[in-house]
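Structural overview for review
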Amino acid sequence: MNFKVLSVAALVISSFCFSAATVAEKMPENPKHVELVIENTVNALFKSAMMAAAKDLDEDKTMRPFALVKKVDGSLGFFQADDTDKNENYSVMQQAASIRKLLIELALNNQIVSSAQVMYTRAQAKGQKPVQGLSFEMEHIKGLSIVRFMPVTKELDENGAWNNKLRFQIESTSTTEKPKVVFAYNKQ
């Protein structure tokens, strides 16, 4: 008799747990949690992109545009235009456009959840002189779309001569919203 009571109790408890799990799966995500996940993903991608740019610039003080992506499986991907004669004739903007096209295709095929496209370029604020730096165009599938610009300056020695080192002006990084491009056609 105790066996029957325990069996019925176990059945009731297991069905209750199953129902609770099913309800939990259907409940919408907490907006704060979603926002935190997006922020962490984009910040991690930014940090990885910054380190990749530093490595590339350290070698010969030049950098071709590149992109870092977070794939659906959570792994990171990296790509840039090949170092070929054909690509040498393309401007930085043309190389960036070809990378952006690939990012859009990856997003349309639901292969990525976020992207960071990076260029070594010049920017000019209204009324200011042009500044050399890194442009990070970052997007997330769930809506975030920003561009960050980080000035890069030549480091000078005590005599005022360039010591062949570049310095990332992290404290001068600016961030602004931008229209969605990569995930513009994604339904999420």
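Quick caveat, the model's predicted, so the values are computed rather than measured.

**Points about the nonpolar core**
Ranked by internal contacts, the top residues of the largest apolar core, which has 22 residues, are Met 63, Val 118, Leu 134 and Phe 136. Residue assignment for this core shows that the elements contributing at least two residues are helix 2 (31–60), strand 1 (66–71), strand 3 (112–123), strand 4 (131–140) and strand 5 (145–156). When residues in this core are grouped by element, the largest group, nine residues, is from helix 2. In contact with Met 63, not counting residues within four places along its chain, are Ala 53, Asp 56, Leu 57, Val 118, Met 119, Tyr 120 and Leu 134. The next biggest cluster of nonpolar side chains, apart from the first, holds twelve residues, and it includes Ala 67, Val 69, Leu 106 and Phe 183.

**Examining the side chain of Gln 169**
Structurally, Gln 169 is set in the loop between strand 6 (162–168) and strand 7 (174–177). Judged by its relative accessible area of 14%, Gln 169 is buried. In contact with Gln 169, other than residues within four places in its own chain, are Met 150, Pro 151 and Thr 153.

**Section: a negative patch on the surface**
On the surface, Asp 82, Asp 83, Asp 85 and Glu 88 cluster together into a patch of negative charge. Tracing the backbone shows Asp 83 in the loop between strand 2 (76–80) and helix 3 (85–88).

**Focus on the environment of Glu 155**
Of note, Glu 155 is situated in strand 5. Not counting the four nearest positions on each side in its chain, Glu 155 is found in contact with Ala 161, Trp 162, Asn 163, Lys 165 and Arg 167. Polar contacts involving the side chain of Glu 155 include one to the side chain of Asn 163, which spans 3.0 Å.

**Overview of the packing of aromatic side chains**
The description of an aromatic ring pair uses the distance of the two centres, along with the angle that the planes make with each other. Under the criterion given, the structure shown has two aromatic pairs. Relative to Phe 136, the ring of Phe 46 lies with its centre 4.8 Å away and its plane at 70 degrees, an arrangement referred to as edge-to-face. Residue Phe 46 is located in helix 2, and its partner Phe 136 is located in strand 4; the two are separated by 90 residues in the primary sequence. As far as burial versus exposure is concerned, Phe 46 and Phe 136 are alike and both buried. Pairing Phe 66 with Phe 78 gives two aromatic rings, centres 5.1 Å apart and planes at 40 degrees, and the pair type is tilted. Taken together, the positions of Phe 66 in strand 1 and Phe 78 in strand 2 put the pair twelve residues apart, joining distant regions of the chain. Between Arg 148 and the ring centre of Phe 46, over which it is positioned, the NZ or CZ distance is 4.6 Å. Here the guanidinium or amino end of Lys 154 rests over the ring plane of Trp 162, the centre of that ring lying 4.5 Å away.

**Details of the pattern of salt bridges**
Pairs can form between side chains of opposite charge once their charged atoms are near each other. With the rule as written, the count across this model stands at five salt bridges. With a closest N to O distance of 3.2 Å, Glu 59 and Lys 55 form a salt bridge. With Glu 59 and Lys 55 both in helix 2, this residue pair falls four residues apart, about one helical turn.

Cut-offs used in this document
- Residues numbered from 1 in each chain as written.
- Predicted model: local features only at pLDDT ≥ 70, side-chain atom pairs only at ≥ 80, totals over all residues.
- Heavy atoms only, no water.
- Core = buried A, V, L, I, M, F, W, Y, C linked by side-chain atoms within 4.5 Å.
- Buried < 20%, exposed > 50% of the residue type's maximum accessible area, 1.4 Å probe, protein only.
- Helix = DSSP H or I, 4+ residues; strand = E, 2+ residues; numbered from the N terminus.
- Contact = heavy atoms within 4.5 Å.
- Patch = residues over 30% accessible without salt bridge, like charges linked within 9 Å, V, L, I, M, F, W, Y side chains within 5 Å.
- Areas by Shrake-Rupley, 256 points an atom, 1.4 Å probe, with all protein chains shown as cover.
- Salt bridge = Lys/Arg side-chain N within 4 Å of Asp/Glu carboxyl O.
- Lys, Arg positive; Asp, Glu negative; His and termini not counted.
- Charge placed at Lys NZ, Arg CZ, Asp CG, Glu CD.
- Polar contact = N/O pair within 3.5 Å; in protein donor to acceptor, adjacent residues only side chain to side chain.
- Phe/Tyr/Trp six-rings, centres within 6.5 Å; stacked < 30°, edge-to-face > 60°.
- Lys NZ or Arg CZ within 6 Å of the ring centre and 35° of its normal.

Keep in mind these values describe shape, not function.
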